[in-house]
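Chain by chain, the residues run as shown.
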Amino acid sequence: MSSPCRRLERLAAAALAAALLAGCQRETRDFHGPPPPSGPQASGVSPSDLAAGGGPIGPPHDPRAAIYEDNAFHIGEGKRYYDWYNCYGCHAAGGGDIGPPLMDDQWIYGGSIEQIHASIVEGRPNGMPSFRNKIPDDQVWEIAAYIRSMGGNVAKDAAPSRGDELQSSLAKTQVKPTPAKPAAPTDQPR
Amino acid sequence: MDRRVWPAGRTASAFALVVLALAACSRNAPPPGPAKPPAATPTGAVAPAAASPDDDGQWTMPAKDYANTRYSGLDQINTGNVKGLQVAFTVSTETLKGQESAVLAVGDTLYFVTPYPNNLYAIDLEKPGGAVKWKYQPKPDAAAQGEACCQPINRGPVYSNGVIYYNTIDAWTHAVDAKTGQLKWKVKVGDFHKGETTNMAPIVVKDHVIVGNSGAEFGVRGWIAALNAGDGSLAWRAYSTGPDKDVLIDPAVFKPFYPQYKGTDLGVSHWRGEQWKIGGGTVWGWISYDPELDLIFHGTSNPAPWNHEARPGDNNWTEGIFARDPETGKAHWFYQYSPHGLWDHSSVNENIILDLPWQGRTRHVVVHPERNGYIYVIDRTSGELLAADPFMKVTASLGVDMKTGKLIDNPEKRPTEGKVVREVCPNSPGAKDWNPSAFSKQTGLLYVPHNNLCMDWETKPVSYLAGTPYIGVNPRFYPADPGKGGEFMAWDPVARKKVWTIDEKWPVWSGAVATAGGLVFYGNLEGWFKAVDARTGQVLWQFKTASGIVGQPTTWRGPDGRQYVSVLSGIGGWAGAMVSSQLDPRDATAAKGFGNMSADLKKESAIGGMLYVFALPKA
């Protein structure tokens, strides 16, 4: 799927990050030290991590990722929590709605399991709520593993069979997850 | 009398005179005939002059006039010469989601609002090429984009007495000086963190700017409110659910026609427990105003959540229409199109103020093409139902009981959890969604852009999580007839039948405008902007804009004396989100069901955001 806008958005984000970082660098510039090596030829390495075309820098590789990714049990759990915490409401069954699709290979904030985990915990500025302290961390990993599986990023034998949407089979939510249910509506709009 | 009360511009004094004369009459007296009766039409339907004064060549409110006719008296562009229509100029909106705003023309300036970030543009008509005079940037909170069910669109600004009023997606109302683009005031009208957004076009009645909220898909409690035009302070707010004091139901004033609306606090008792507090009934559609009766008419949206099993009862006062006093907000009457709404058939579509010959006498009515598939004719003085006729294939219900006024749900289609109900027609956007019809004072016909869609519907458990969608349904949409997802039709409101129709492959999501040149204009999702012979339905001219059209066409006289036609092109909104939000059609439930039918649309339309202005070549 061609995606001029999201590509543009990413470029803009990268440009912004570059501008910001450039600003930081200026703050800490040491005027009295030796001149920095200028360019790859000088030292064989780039003077900074900045490179055109890069996306936002994601979280570092997390050892927990390996526990969840490609694990059929955790992916299955993640699928239930995905509906339970109403990700479905904004992302549908992965095709997207208010929020972007999660089943395709286009990512605004990165598609590694760590980056997806970060999107869920941190929230994202254009309307992705932060679920920090609302979803236990192991469940966030499970949801992230499920999202990874949507796009066929996991081993076939770990991926859940096709979604329940509009099949007359048992809805996945009929098996209630045990952990904390989101609080009942106490605080009403107005 | 406060001068701010009346729409400014060349009509102001004439209009004020009419209204002054009318103000002298008591509300209970039969409506006096306006000074100059409207010209007769072939069908006999007329728009009363008080709510639809003669044309002054401007377009100061999205619906054109209080009657919501969207009719222009201009006839320079007509059936004879429209084939020569060409682009006069274009302006980029610099945004790429659904462009649903009307384009206003006031004096020498055009005004329109973009989707998020909801910038307000003023285009200078004295300069060539659509020069931007100023751009007001409200900078709404970016997070509010996630709280808009169907893209952070905007349905347009309204002009009154030197000021432009409009809403931003983060639930603020802004008043901007029409000349300078300077902010006069802004007020927070809702809390978007709980899903409450604002995208409707306000209407100005006397000294009040009337606004309503969106967000029934988030379990928002609906309301309509009047702000004082001078400073934005709250004059009144009427909720669509809850106790009578919140709904502004005062038994001394509230005289509904049907007995089922009489009683105390039905907005509480017709719900289970406290469900009414998160029960929807938002007011995001069109508001019309009859200056003779001094009443505004507005619809209320679907109840929340969509899963009806979570909210037993009639769910008052959702999916209905209120007549209210614009001064106090007090309700005069109410009628419910869909008690205990099952299908998200939000009832906020336009209520066009017309006078119709009816069984030997004249009835003062509103005509309302409703999402549930029927065109309603309701006596606007009393709330009595006069007609409810289907305008597409309807399977969701079996008709309307004309004695009780009640919709008869089809028991075979009643959803229950864990079961998929198939072939529900119309689907949830309905036989017609928000995009407004036009009434021609020349032909006496209504021109209705609409859908032709059915759906499969599966209810599932739902729990309320503030600020996230509160729906509980997996829907899947498809055309009611192969290859025909929409229609643009002419409807005779007196004979109550279709006169002609144009089949469209996709749901028609643009508004309509009718002119004294014998023309109607509308656009489709592929991007074709069409001029149609109002009498025959023959397409006389069409132009392919760069993106799909989901906006509201308008027509006006430029400072050079020539007639222009304007429309925003830019696909989006619910029907266009698959394209401009770049959603994945492999998921049938993407965009709340449009994923199922939109793979081709992604190829046949394209993302964009552009104002197009058309004119005949200079003589």
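All residue numbers refer to positions counted from 1 along the written sequence of the respective chain. Labels are handed out in written order, letters beginning with A for the chains and numbers beginning with 1 for the ligands. Per-residue local features of the predicted model are confined to residues with pLDDT of at least 70, and side-chain atom pairs are confined, for both listing and counting, to 80 or more; whole-chain, interface and lining totals are unaffected and use all residues. Heavy atoms throughout the structure, all of them, feed into the side-chain values; hydrogens and water do not.

A word on the packing of aromatic side chains. Residues and elements named next belong to chain B. Any Phe, Tyr or Trp ring, taking Trp's six-membered ring, that has another such ring centre within 6.5 Å forms a pair; planes under 30 degrees apart are called stacked, those over 60 apart edge-to-face, and the others tilted. According to the stated counting rule, one finds 43 aromatic pairs over all chains in the structure shown. Measuring from centroid to centroid gives 6.1 Å for phenylalanine 529 and tryptophan 541, while their planes differ by 90 degrees, and the two rings are edge-to-face. Residue phenylalanine 529 is found in strand S34 (residues 528-533), and its partner tryptophan 541 is found in strand S35 (residues 539-544); the two are separated by twelve residues along the sequence. With 5.4 Å between their ring centres and 20 degrees between their planes, phenylalanine 529 and phenylalanine 614 make a pair best called stacked. Here phenylalanine 529, found in strand S34, pairs with phenylalanine 614, found in strand S38 (residues 610-615); they are 85 residues apart in sequence, far enough to count as distant. Each member of the pair, phenylalanine 529 together with phenylalanine 614, is buried. Helix numbers and strand numbers start at the N terminus; a helix is a DSSP run of H or I with at least 4 residues, a strand a run of E with at least 2. Only protein chains enter the accessibility calculation, which uses a 1.4 Å probe; a residue whose area is less than 20% of its type maximum is buried, one above 50% is exposed, and one in between is partly exposed.

Close approach of charged atoms allows side chains with opposite charge to pair. By convention in these notes, a salt bridge is any Lys or Arg side-chain nitrogen within 4 Å of a carboxyl oxygen on Asp or Glu. As enumerated under the stated definition, the model contains 37 salt bridges over all chains in all. Ionic pairing is found between Arg64(A) and Asp137(A), a salt bridge with its closest N-O pair at 2.8 Å. Of this pair, Arg64(A) sits in the loop between helix H2 (40-43) and helix H3 (65-68) while Asp137(A) sits in helix H7 (residues 137-150), and the two are 73 residues apart along the sequence. By relative accessible area, Asp137(A) is classed as partly exposed at 31%. Of the charged contacts, one joins Glu604(B) and Lys505(B) as a salt bridge, the two residues approaching to 2.6 Å between their closest N and O atoms. Here the residue Glu604(B) occupies a position in helix H5 (residues 599-604), and Lys505(B) occupies one in the loop between strand S31 (497-504) and strand S32 (513-515), the gap between them amounting to 99 residues. Judged by its relative accessible area of 31%, Glu604(B) is partly exposed.

We now examine the packing of helix H6 (residues 113-122) of chain A against H7(A). All names here are of chain A. Lines are fitted to the C-alpha atoms to define the axes, a helix being fitted only along its stretch in contact, and any angle between axes, read from their N-to-C directions, falls within 0 to 180 degrees. Where H6 contacts H7, the axes come no closer than 9 Å and their chain directions differ by 125 degrees. When the interaxial angle is binned, H6 and H7 end up oblique. Once H6 is placed against H7, the crossing between them reads as right-handed. Residues Ile113, Glu114, Ile116, His117, Ile120 and Val121 of H6 form the contact with H7, whose own contacting residues are Asp137, Val140, Trp141, Ile143, Ala144, Ala145, Ile147 and Arg148. Here the residues of the contact of H6 with H7 are counted per class, giving ten nonpolar, one polar and three charged. For classification purposes, an angle smaller than 35 degrees is called roughly parallel, one larger than 145 roughly antiparallel, one from 65 to 115 roughly perpendicular, and anything else oblique. Each helix crossing is assigned a hand: it is left-handed if the near helix lies turned anticlockwise from the far helix by less than a right angle, otherwise right-handed if that turn is clockwise. When checking whether two residues touch, look at their non-hydrogen atoms; a contact exists if any pair is within 4.5 Å. Here the nonpolar group is Ala, Val, Leu, Ile, Met, Phe, Trp, Tyr, Cys and Pro; Asp, Glu, Lys and Arg are the charged ones; every other residue, Gly included, is treated as polar.

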